[in-house]
Amino acid sequence: MIIYMCDMKDIFSHTIVITNRNLVKGDYLEQLKRVVSFEPYAMILREKDLSDEEYAVVFREVVNICKDSKTILFMHSKLEEAYKCGYDSVHLSFSDIAELGKYRDNFKNISVSCHSLDDVKMAIAEGATQIVLGTIFETECKKGLKGKGIEFLKEICIYCKENGNIPVYAIGGIKPDNMRDIINAGANGGCMMSYMMTI
C-alpha cells in the first residue's frame, strides 16, 4: 500500500510512539521533538535499561517536549514514581499489573501490554483504560517470533468493544503502510518504535 503525505497526519493521530534511544542516530531529545511535531496520539517513554534516577531525568525533559502538544506521554512501568510525582498516565507490562492495586485510582490513563485474551480480561479487570496488543506482525525487535495476525487482533478488538469499549493499539511490525489494516480490523491504532526513532 502506498501512503501519500496527505494521509500521514491521520496515520500519526492513530500512533503510539515507543521510544528507544539506542535506535536514534542523532540527538535523542531532538528526535523526540521531531516526532512530537507530527502529533502522534501518544508516546510511551520506554528506555527500560535506565536506572530510576536516569529515567527521571529523561522523563522530565520529555514532559517538557510533550506539554504543549496533543501527545499523551506515558511513563513506562514506574508506578510508584508516577504516584509520587502526581503523574497520571502509565504504561505497564502485563507482569506489572498485580502491583497496580493501591495506585489505580491515582491514574487517568492506564495502558497495559497484553498477548492473549486472558491477559486482556485480567488487564481490564485490574483497571486498564487501554490495551497494547502484540505481537501482530513479525518484527525486527523479536526476530523469529511469528506474528499473531489480523484475526487475533479482530477477536480482541471485539471483546474490548463489548467490555467497556476499551481502545486497542496493535504492536509488532506496525508501519505506516499497514496501519490501515489494523484500523480496519477494529484497532484504534498501532505502536511504532523503529520507524519513529529513525524517521
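We now turn to the structure provided with this report. Remember, predicted model here, so these are calculated numbers, not experimental data.

**Considering the sheet that holds strand 6 (residues 130-133)**
For step 1, the next point in the chain: The eight strands are arranged 1-2-3-4-5-6-7-8 in a closed barrel whose pairing can be described as parallel. Sheet twist, expressed as the average angle between the axes of neighbouring strands with direction ignored, equals 25°.
For step 2, the next point in the chain: Across two bridges, strand 7 (residues 168-170) lies against strand 8 (residues 189-192) in parallel orientation. Note on strand 8: the bridge partner recorded for alanine 170 is glycine 190.
For step 3, the next point in the chain: Along the sheet face, helix 6 (residues 149-162) touches strand 6 and strand 7 and points at about 165° away from the line of strand 7.

**Observations concerning the packing of aromatic side chains**
For step 1, the next point in the chain: Taken as a whole and judged by the stated rule, the model has five aromatic pairs.
For step 2, the next point in the chain: Measuring from centroid to centroid gives 4.9 Å for phenylalanine 12 and phenylalanine 38, while their planes differ by 10°, and the two rings are stacked. Placement of phenylalanine 12 in helix 1 (residues 5-12) and of phenylalanine 38 in the loop between helix 2 (28-36) and strand 2 (42-45) is noted, with a sequence separation of 26 residues between them.
For step 3, the next point in the chain: Measuring from centroid to centroid gives 4.9 Å for phenylalanine 59 and tyrosine 87, while their planes differ by 90°, and the two rings are edge-to-face. Separated by 28 residues along the polypeptide, phenylalanine 59 in helix 3 (residues 52-66) and tyrosine 87 in the loop between helix 4 (79-85) and strand 4 (89-92) bring together distant segments of the chain. A single burial state applies to phenylalanine 59 and to tyrosine 87, both of which are buried.

**Examining the pairing of strand 1 (residues 15-18)**
For step 1, the next point in the chain: Burial of the side chains of strand 1 extends over both faces: Thr15 and Val17 are buried on one face and Ile16 and Ile18 on the other.
For step 2, the next point in the chain: By the bridge criterion, three bridges tie strand 1 to strand 8 in an arrangement that is parallel. Counted as the bridge partner of valine 17 is methionine 192 from strand 8.
For step 3, the next point in the chain: Both strand 1 and strand 2 contribute to a ladder of three bridges, which runs parallel. Among the inter-strand pairings, isoleucine 16 is bridged to a residue of strand 2, identified as alanine 42.
For step 4, the next point in the chain: For the crossover that starts at strand 1, traverses helix 2 and ends in the parallel strand 2, the hand is right-handed.

**Considerations on helix 2**
For step 1, the next point in the chain: Along helix 2, the residues classified as buried are Tyr28, Gln31, Leu32, Val35 and Val36. Angularly, the buried residues of helix 2 cover 135° about the axis, an arc narrow enough to put them on a single face.
For step 2, the next point in the chain: Lining the buried residues of helix 2 we find strand 1, strand 2, helix 3 and helix 8 (194-198).
For step 3, the next point in the chain: With a side-chain oxygen lying 3.2 Å from the backbone nitrogen of leucine 29, the N-terminal cap of helix 2 falls on aspartate 27.

**Here's the deal with helix 5 (residues 117-125)**
For step 1, the next point in the chain: Within the sequence span of helix 5, burial applies to Asp119, Val120, Ala123 and Ile124. Here the buried residues of helix 5 occupy an arc of 125° about the axis, which is enough to place them on one side. Residues of helix 5 that are exposed and angled more than 90 degrees away from the buried face: Asp118 and Ala125.
For step 2, the next point in the chain: In this fold, the buried residues of helix 5 make contact with strand 5 (109-114), strand 6 and helix 6.
For step 3, the next point in the chain: Just downstream of helix 5, glycine 127 is the residue with a positive phi angle, here 110°.

Quick notes on the rules
Residues numbered from 1 in each chain as written. Predicted model: local features only at pLDDT ≥ 70, side-chain atom pairs only at ≥ 80, totals over all residues. Heavy atoms only, no water. Pairing = 2+ DSSP bridges. Helix = DSSP H or I, 4+ residues; strand = E, 2+ residues; numbered from the N terminus. Axes fitted to C-alpha atoms, helices over the stretch in contact; angles between N-to-C directions. Contact = heavy atoms within 4.5 Å. Phe/Tyr/Trp six-rings, centres within 6.5 Å; stacked < 30°, edge-to-face > 60°. Buried < 20%, exposed > 50% of the residue type's maximum accessible area, 1.4 Å probe, protein only. Right-handed = clockwise from strand over helix to strand, strands pointing away. Arc of directions from axis to C-beta. Polar contact = N/O pair within 3.5 Å; in protein donor to acceptor, adjacent residues only side chain to side chain.

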